[in-house]
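If you want the building blocks of each chain, they are given just below.
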There are 2 protein chains.
Amino acid sequence: MADRGAGAGRTGLPASIEAAWGLRERPAKGPKPGLSLDRIVGAAVAIAAEEGLPAVSMGRVAKALGVSTMSLYRYVAAKDELYVLMQEAALGPPPPAPRDADWREALTAWARAQREVLLSHLWALRIPVSGPPATPNMVAWWEQGLVALETTGLDDGAKISVILLVSGFVRSEATMMAELDTAVRAGGTPEEFMARHQNTLARLADPDRYPSVARLLGSGVMTQPDEPGYEFAFGLERILDGVAVLIEGRRADGEG
Amino acid sequence: MADRGAGAGRTGLPASIEAAWGLRERPAKGPKPGLSLDRIVGAAVAIAAEEGLPAVSMGRVAKALGVSTMSLYRYVAAKDELYVLMQEAALGPPPPAPRDADWREALTAWARAQREVLLSHLWALRIPVSGPPATPNMVAWWEQGLVALETTGLDDGAKISVILLVSGFVRSEATMMAELDTAVRAGGTPEEFMARHQNTLARLADPDRYPSVARLLGSGVMTQPDEPGYEFAFGLERILDGVAVLIEGRRADGEG
DNA sequence: GCAGTAACGCGTATGCCATACGCAGTACTG
DNA sequence: CAGTACTGCGTATGGCATACGCGTTACTGC
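Residues numbered from 1 in each chain as written. Chains lettered and ligands numbered in written order. Predicted model: local features only at pLDDT ≥ 70, side-chain atom pairs only at ≥ 80, totals over all residues. Heavy atoms only, no water.

Colleague: Whenever I open this one, the relation of the copies chain B and chain A confuses me. Can you help?
Modeller: Relating one copy of the chain to the other takes a rotation about an axis and a shift parallel to that axis. Note on the identical chains: chain B maps onto chain A by a rotation of 180 degrees and an axial translation of 0.0 Å, with an RMSD of 0.0 Å. When the rotation and shift are considered jointly, the pair of chain copies conforms to a two-fold rotation axis. When each C-alpha of chain B is compared by its distance to the rotation axis, Gly 242 of chain B comes out closest, at 2.0 Å. The fraction of interface residues of chain B whose copies in chain A are also interface residues reaches 100%, indicating that both copies meet through the same surface. (Least-squares fit on C-alpha atoms with pLDDT ≥ 70 in both. Contact = heavy atoms within 4.5 Å.)

Below is the structure:
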């Protein structure tokens, strides 16, 4: 299955990705498959959720399913494909968009929803990316982002740019949270971690070479972690303010 | 050396990272080291630059230096440490800040410089991150970012947030460029790649379920890639517009 | 109903990888 | 000149993705 280069859809995509789009006919010949992509991906996701992405190996997934390692390769041509499918599964479909929301409310909801998904699947952020994965849920999220910008009067190019900007931000912020999370798992509370880090820096960074950093370290701003999600809210507001400037500017142009 | 838990600096950091801060005394006893951290990191960086990060293995680096694999472990306790040092080497010190620039010009220059560094060391973006690496060049970049915001009247917390926001954006945009780059290496021009991708999506994405995406695909916006750096310039302008709104708002508060 | 065939599960093997361990040699200390 | 701490490195372990080929199975067309 997985090694069939051109599937029913003739998309040139790996067969397993085609399957994500629902383009699989049950092959006419051969024994009934004892496994399914869904079960494989499910097992892989479960392992990632419990023990982190590095724990996901082909052997480990196979063991969880009670089959041999090599069986998996009948369903997935390579581990990268499994990664893509895991990502798609973690992403899930976007929640329904809020009704009667202006673009800013809609985009805020969209960003928040995306963040929640990422935070509850931190392992997904560790998957090395290799290109725009054109999977159904991914496209559904784009769709919803585009819809949110429908009323802004921005041209198509600008809409894409805004969406890339916002989702890039969400991803980047979530990644920082993930780092903090692993650091915390390694030992201690976030506060302790920040304090330790601040301490180290204070000892290492020469105040003459790095005066501003040194002042900052001295002021203790780094020590108290802000309420959860503050960094996210801050960044999102800045970005949306910037987008608003753009929208109003174009609107003014149009009216002028 | 590398396995000495607490070094001269007593920072609790790995010895090789302490070395990056210049905290190494040549140990009194034992044979003269035939290697140096600099040479090891240099070799690793060279391999990464030519063949990509996955080509960097301990064995490969050792071979490039004409030593045995295990020798490297006298200088570096684990591969992750090598990664951190590679990142630090790739980053380099920030270029001198422009003179007589307002905060916006300064931050723009800062972001652009950061982007250039990342684009000329795309492999560095593939290094799995694990926490805030407190290395000298890293701190130097923060320092410069903070200095750029000196005149804004923002409080320390906000300055940090802005810097995190901007550098997160730069990183995220550069990562997308890196993805495009590997896709292009795999075959064809960026145009071909975009066209192929657009084609695939057009075939897969049901216009009923994804109307906005479908319209976008039909309009051909995705086919023509914009001039290089457009996405970056767009995103940065939006973010800085948003930051400007914040700064002016606080200024107005102060005056009112 | 039977031969052909394609897809199945999987045992085995290859060639990577990071790295633990211990040994022999070396340059310094007292 | 003995002791010692550090060097380079050979060997070994255990993990990894995955190529290959074999026996088996369930369907097809005759």
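This is not the end of the story, as more comes after the structure.
Colleague: What exactly am I supposed to notice about the interface of chain B and chain A here?
Modeller: Put simply, an interface is often sized by how much accessible area is lost when its parts join up. With 64 residues of chain B in contact, the opposing surface of chain A contributes 64 residues. Roughly 5200 Å² is buried in total at the junction of chain B and chain A, and carbon and sulfur atoms are behind 71% of that figure. Inspection of the region where chain B meets chain A yields four salt bridges. The salt bridge partner of Asp 156 of chain A is Arg 215 of chain B, with a shortest N-O separation of 3.6 Å. Here chain B and chain A share 10 residue pairs in polar contact (both at pLDDT 80 or more) between them. Breaking the side of chain B that touches chain A down by element, the ones donating at least two residues are helix H6 (136-148), helix H7 (156-186), helix H8 (190-204), helix H9 (211-219) and helix H10 (230-255) of chain B. The leading source of residues in the side of chain B that touches chain A is H7 of chain B, at 16 residues. Within the side of chain B that touches chain A, the residues separate by chemical class into 35 nonpolar, 16 polar and 13 charged. (Buried area = accessible area lost by both parts, 1.4 Å probe. Salt bridge = Lys/Arg side-chain N within 4 Å of Asp/Glu carboxyl O. Polar contact = N/O pair within 3.5 Å; in protein donor to acceptor, adjacent residues only side chain to side chain. Helix = DSSP H or I, 4+ residues; strand = E, 2+ residues; numbered from the N terminus. Nonpolar A, V, L, I, M, F, W, Y, C, P; charged D, E, K, R; others polar.)

Colleague: Is there a simple way to think about the domain arrangement of chain A in this case?
Modeller: Residues and elements named next belong to chain A. One can read the domain layout of chain A as domain 1 (15-91) and domain 2 (103-187 + 226-255). Spacing between the C-alpha centres of domain 1 and domain 2 amounts to 29 Å. Of the residues lining the interface, 14 residues belong to domain 1; the matching set on domain 2 comes to 17 residues. Between domain 1 and domain 2 lies a buried interface of about 1500 Å² when both sides are counted; carbon and sulfur atoms form 72% of it. (Domains from an automatic or database assignment.)

Colleague: Teacher, can you tell me more about the pattern of salt bridges here?
Modeller: Two side chains of opposite charge can pair, provided their charged atoms sit close to one another. Per the counting criterion, the structure on display carries 16 salt bridges over all chains. Where salt bridges share partners, they join Arg 104, Glu 237, Arg 238 and Asp 241 of chain A into one cluster.

Colleague: So what exactly am I meant to see when it comes to the UniProt feature "DNA-binding region" (unreviewed entry) in chain A here?
Modeller: Using the residue numbers shown here, the UniProt feature "DNA-binding region" (unreviewed entry) corresponds to residues 57-76 of chain A. Along residues 57-76 of chain A, the helical share is 40% and the strand share 0%, with 13 Å between the first and last C-alpha atoms. (UniProt positions renumbered as here; feature names shortened; annotations may be inferred.)

Colleague: Please clarify how helix H5 (residues 103-119) of chain B should be interpreted in this entry.
Modeller: In an α-helix, one full turn covers 3.6 residues, which means residues spaced three or four apart are oriented alike. Its 17 residues place the ends of H5 of chain B 24 Å apart at the C-alpha level, agreeing with the 24 Å of an ideal helix rising 1.5 Å per residue. Every buried residue belonging to H5 of chain B is among Trp 103, Ala 106, Leu 107, Thr 108, Trp 110, Ala 111, Ala 113, Gln 114, Arg 115, Val 117 and Leu 118 of chain B, and all of these are buried. (Expected span 1.5 Å × (residues − 1). Buried < 20%, exposed > 50% of the residue type's maximum accessible area, 1.4 Å probe, protein only.)

Colleague: Is there a simple way to explain the packing of aromatic side chains in this structure?
Modeller: Between two aromatic rings, the relevant description is the distance of the centres plus the angle of the planes. This structure, assessed with the given rule, holds six aromatic pairs over all chains. For the ring pair Phe 169 of chain B and Phe 232 of chain B, a centre distance of 5.6 Å and an interplane angle of 15 degrees mean the geometry is stacked. One end of the pair, Phe 169 of chain B, is in helix H7; the other, Phe 232 of chain B, is in helix H10, with 63 residues separating them in the sequence. Given a relative accessible area of 0%, Phe 232 of chain B falls into the buried group. With a centroid separation of 6.1 Å and an interplanar angle of 40 degrees, the aromatic rings of Tyr 230 of chain B and Phe 234 of chain B are classed as tilted. Of this pair, Tyr 230 of chain B and Phe 234 of chain B both sit in helix H10, four residues apart, roughly one helical turn. Positioned above the aromatic ring of Phe 234 of chain A is the side chain of Arg 238 of chain A, whose terminal nitrogen or guanidinium carbon lies 4.7 Å from the ring centre. (Phe/Tyr/Trp six-rings, centres within 6.5 Å; stacked < 30°, edge-to-face > 60°. Lys NZ or Arg CZ within 6 Å of the ring centre and 35° of its normal.)

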